[in-house]
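Here is what each chain is made of, one letter per residue.
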Amino acid sequence: MDPVRNPYTPGAGSRPQALVGRDAEIDAMDVTLQRVLAGRNEQSQLLTGLRGVGKTVLLNEFEELAEGRGYFHEHIEVSEDGALASALASALRRVLLEMDAKRRLGGALRRAFGVLKAFALRLPDGIELHIDVDAVAGPADSGDLEADLAGLFVELGKVAREHRTGIMLTIDELHYVDRPTLTALIVGLHRAAQLRLPVTVAGAGLPNLAALTGEAKTYAERLFTFPVIDSLTDAQAEEALRAPARDEGVEWDPAAIALAQEVTRNYPYFLQEFGKRTWIVADGPDRITGDDFRRAVPLSIAALDDGFFRVRATSSTKAERLYMGTMARLGPGPVRTADVAAALGRTLAALSPTRDSLIKRALCYAPDRGEIDFTVPLFGEYMKRWMPGVRG
Ligand SMILES: Nc1ncnc2c1ncn2[C@@H]1O[C@H](COP(=O)(O)OP(=O)(O)O)[C@@H](O)[C@H]1O
Ligand SMILES: [Mg+2]
């Protein structure tokens, strides 16, 4: 069918034509934003879930809500090296610049800019933000990140409140942040929340994020709920496929829907990818049949293998691949690390560096003590397709 009208546009983080099944999170966030702006306490959200379930698109929705509610908003995507503090400084600088530009605040922001400048200079990587004011010593430059972030959020929160607005940050891939930095973020935000300042953060990360909050756990639980974002239900998956096509006057046959649900296991990213390829091969003009879907399967799998799956697998070492191949063979689902060791004829201790690096690189996570699983849905099947010869 007409490729120009293809309504399935995969791409990590890009909004699907129909965002289904996330109303509860969206509604809760909207209430939170209104309450926080009104100086009331309310929990924000740290979304957790596997790759491709729709965490980033949900954060994007939150961001639109925030803008609609009159917040100044910035987005941060944490990179694999885990650097957060300097990214926060840059994001908050953009927030202040935007506040300045939109509200013509000028001199009223001098102090906040100065505090931010001192904060950034004091960071271990000592970035110099191009801010044309003198650094203000005191509130956020002690060198203790917890105290300094608290000082910074309080300073900026007060400015926001004075000017009847709020500050909202969305932080994606939060699992890459090391525990002390994550703790500092939570403690800093907690301070601003105690003072009922209009500053809030919504975050997303892989399933190990909840455990990463460590000793800041009690604060984290006061500040955030931890919605688990997962695959869709059958009905939601059906809607995710049907709604975009319907807008183009195209209907899916029930047989095609049933096949799609089975093959994709209702994972949003897979639905999108299979939907796109099915559209490409379908004869049309106004229906998608089971046969269309079947012919699109090899194409869709190849596209996923060469993109979504391979980008995760590349740059893994031989030892890591052997470990993951063994997990795949023992799976699907969480496997016991002791069973991986036994299958490889090694001790747990000898394998723990490999296990740790797989977790650190976010290819795997520990669903429970002594267990390990892939962070990418259906990754075990990919390993079996590409590494059938892996021996343990
Ligand atoms: N609720 C949803 N309904 C329909 N499609 C979705 C939904 N959530 C995600 N998708 C699709 O899945 C893709 C992957 O989502 P993304 O937010 O990047 O996942 P994550 O951040 O969890 O890895 C999106 O680009 C979108 O096409
Ligand atoms: Mg994402």
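From a predicted model like this one, the values you see are computed outputs, not experimental measurements.

Draft legend 1. Highlighting the pairing of strand S3 (residues 166-172). In terms of residue burial, S3 counts as a mostly covered element, since seven of its seven residues are buried. Side chains of S3 alternate between two faces, with Gly166, Met168, Thr170 and Asp172 and Ile167, Leu169 and Ile171 buried alike. As judged from the seven bridges shared by strand S2 (residues 71-77) and S3, these two strands associate in the parallel manner. Directly across from Ile76, in S3, lies its bridge partner Ile171. In the sheet, S3 pairs with strand S4 (residues 199-205) via five bridges, with the strands oriented parallel. Following the sheet pairing, Ile171 is matched in S4 by Gly203. The parallel pair S3 and S4, bridged by helix H6 (residues 179-194), forms a crossover whose chirality is right-handed.

Draft legend 2. Just the domain arrangement of the chain, in detail. The domain boundaries assigned to the chain delineate domain 1 (23-225), domain 2 (232-312) and domain 3 (316-386). One C-alpha centre belongs to domain 2, the other to domain 3, and the line joining them spans 29 Å. Of the residues lining the interface, 10 residues belong to domain 2; the matching set on domain 3 comes to 10 residues. The three residues of domain 2 that bury the most area against domain 3 are Asp305, Phe309 and Arg312, which together make up 51% of that side's buried surface. Two residues, Arg265 and Glu381, come together in a salt bridge whose shortest N-O distance is 2.9 Å. Residue contributions to the side of domain 2 that touches domain 3 peak at six residues, all from helix H12 (residues 290-313). The residue makeup of the side of domain 2 that touches domain 3, split by class, is six nonpolar, no polar and four charged.

Draft legend 3. How the structure looks around the sheet that holds strand S10 (residues 371-374). Overall, antiparallel pairing links the three strands, which are arranged S8-S10-S9 in an open sheet. Bordering the open sheet on either side are strand S8 (335-336) and strand S9 (364-365), each of which pairs with just one other strand. Bridge analysis of S8 against S10 gives two bridges, and the strand direction is antiparallel. Residue Val335 lies in a different strand from S10, and its bridge partner there is Ile372.

Draft legend 4. Focus on the nonpolar core. The biggest cluster of nonpolar side chains holds 68 residues, and the ones touching the most others in it are Phe62, Trp252, Phe270, Phe309 and Phe379. It is H12 that provides the largest number of residues to this core, a total of six residues. Beyond its immediate chain neighbours, meaning those up to four positions away, Phe379 contacts Phe309, Arg312, Ala313, Met324, Leu363 and Phe374.

Draft legend 5. The arrangement of the layout of surface pockets in detail. The volume enclosed by the second largest pocket comes to roughly 330 Å³. If you trace the second largest pocket, you find 18 residues lining it, with Pro332, Gly333, Asp373, Pro377 and Leu378 closest to the centre. At the level of secondary structure, the elements contributing two or more residues to the lining of the second largest pocket comprise helix H13 (318-330), S10 and helix H16 (379-386). Here the element with the most residues in the lining of the second largest pocket is H16; it accounts for four residues. When grouped by side-chain class, the residues that make up the lining of the second largest pocket number 11 nonpolar, three polar and four charged.

Draft legend 6. Representation of the sheet that holds strand S5 (residues 224-225) in the model. Spatially, S2-S3-S4-S1-S5 is the arrangement adopted by the five strands of the open sheet, whose pairing is parallel. Both outer strands of the open sheet, S2 and S5, are each paired with one neighbouring strand and no more. Sheet strands in contact with helix H2 (residues 55-68) are strand S1 (44-48), S2, S3 and S4, and its direction is about 170° off that of S3.

Draft legend 7. Expanded view of helix H11 (residues 268-281). Between its first and last C-alpha, H11 extends 20 Å over 14 residues, near the 20 Å set by a 1.5 Å rise per residue. Residues Pro268, Tyr269, Phe270, Leu271, Gln272, Glu273, Phe274, Gly275, Arg277, Thr278, Trp279 and Val281 constitute the buried set of H11. The inward-facing, buried residues of H11 abut helix H9 (234-246), strand S6 (251-252), helix H10 (254-264), strand S7 (287-288) and H12.

Draft legend 8. Just the pairing of S1, in detail. Of all the five residues making up S1, five are buried; the element is thus mostly covered by neighbouring parts of the structure. Burial along S1 is two-sided: Ser44, Leu46 and Thr48 and Gln45 and Leu47, pointing in opposite directions, are all buried. Bridge count for S1 against S5 is two bridges, and the pairing is parallel. Paired with Gln45 across the two strands is Thr225, which belongs to S5. Relative to S4, S1 runs parallel, the two sharing three bridges. The residue bridging Leu47 from the neighbouring strand is Ala204, located in S4.

Draft legend 9. Spatial organisation of helix H3 (residues 85-103). If you check H3, its first and last C-alpha atoms are 27 Å apart, about what 19 residues at 1.5 Å a residue would give, namely 27 Å. Burial in H3 covers these residues: Ala85, Ser86, Leu88, Ala89, Ala91, Leu92, Val95, Leu96 and Met99. Where the residues of H3 are buried, they touch S2, helix H4 (110-122), helix H5 (145-162), S3 and H6. Two residues or fewer after H3 comes Arg104, characterised by a positive phi angle close to 50°.

Draft legend 10. View of the packing of aromatic side chains. Throughout the structure, instances matching the rule amount to 13 aromatic pairs. A centroid spacing of 5.1 Å and a plane angle of 50° characterise the contact between Phe374 and Phe379, whose relative ring orientation is tilted. Each member of the pair, Phe374 as well as Phe379, is classed as buried. Aromatic rings pair up to connect Tyr267, Tyr269, Phe270, Phe308, Phe309, Phe374, Phe379, Tyr382 and Trp386 into one cluster. For Arg310, the ring lying beneath its charged end belongs to Trp386, and the centroid distance is 5.1 Å. A cation sits over an aromatic face here: Arg312 above Phe308, 5.2 Å from the ring centre.

Conventions used here
- Residues numbered from 1 in each chain as written.
- Chains lettered and ligands numbered in written order.
- Predicted model: local features only at pLDDT ≥ 70, side-chain atom pairs only at ≥ 80, totals over all residues.
- Heavy atoms only, no water.
- Buried < 20%, exposed > 50% of the residue type's maximum accessible area, 1.4 Å probe, protein only.
- Helix = DSSP H or I, 4+ residues; strand = E, 2+ residues; numbered from the N terminus.
- Pairing = 2+ DSSP bridges.
- Right-handed = clockwise from strand over helix to strand, strands pointing away.
- Domains from an automatic or database assignment.
- Contact = heavy atoms within 4.5 Å.
- Buried area = accessible area lost by both parts, 1.4 Å probe.
- Salt bridge = Lys/Arg side-chain N within 4 Å of Asp/Glu carboxyl O.
- Nonpolar A, V, L, I, M, F, W, Y, C, P; charged D, E, K, R; others polar.
- Core = buried A, V, L, I, M, F, W, Y, C linked by side-chain atoms within 4.5 Å.
- 1 Å grid on protein atoms, 1.4 Å probe; cavity = no way out; pocket = protein on both sides within 12 Å on 5 of 7 lines; lining within 4 Å.
- Points joined across faces, edges and corners; volume = space filled by probe spheres on them.
- Axes fitted to C-alpha atoms, helices over the stretch in contact; angles between N-to-C directions.
- Expected span 1.5 Å × (residues − 1).
- Phe/Tyr/Trp six-rings, centres within 6.5 Å; stacked < 30°, edge-to-face > 60°.
- Lys NZ or Arg CZ within 6 Å of the ring centre and 35° of its normal.

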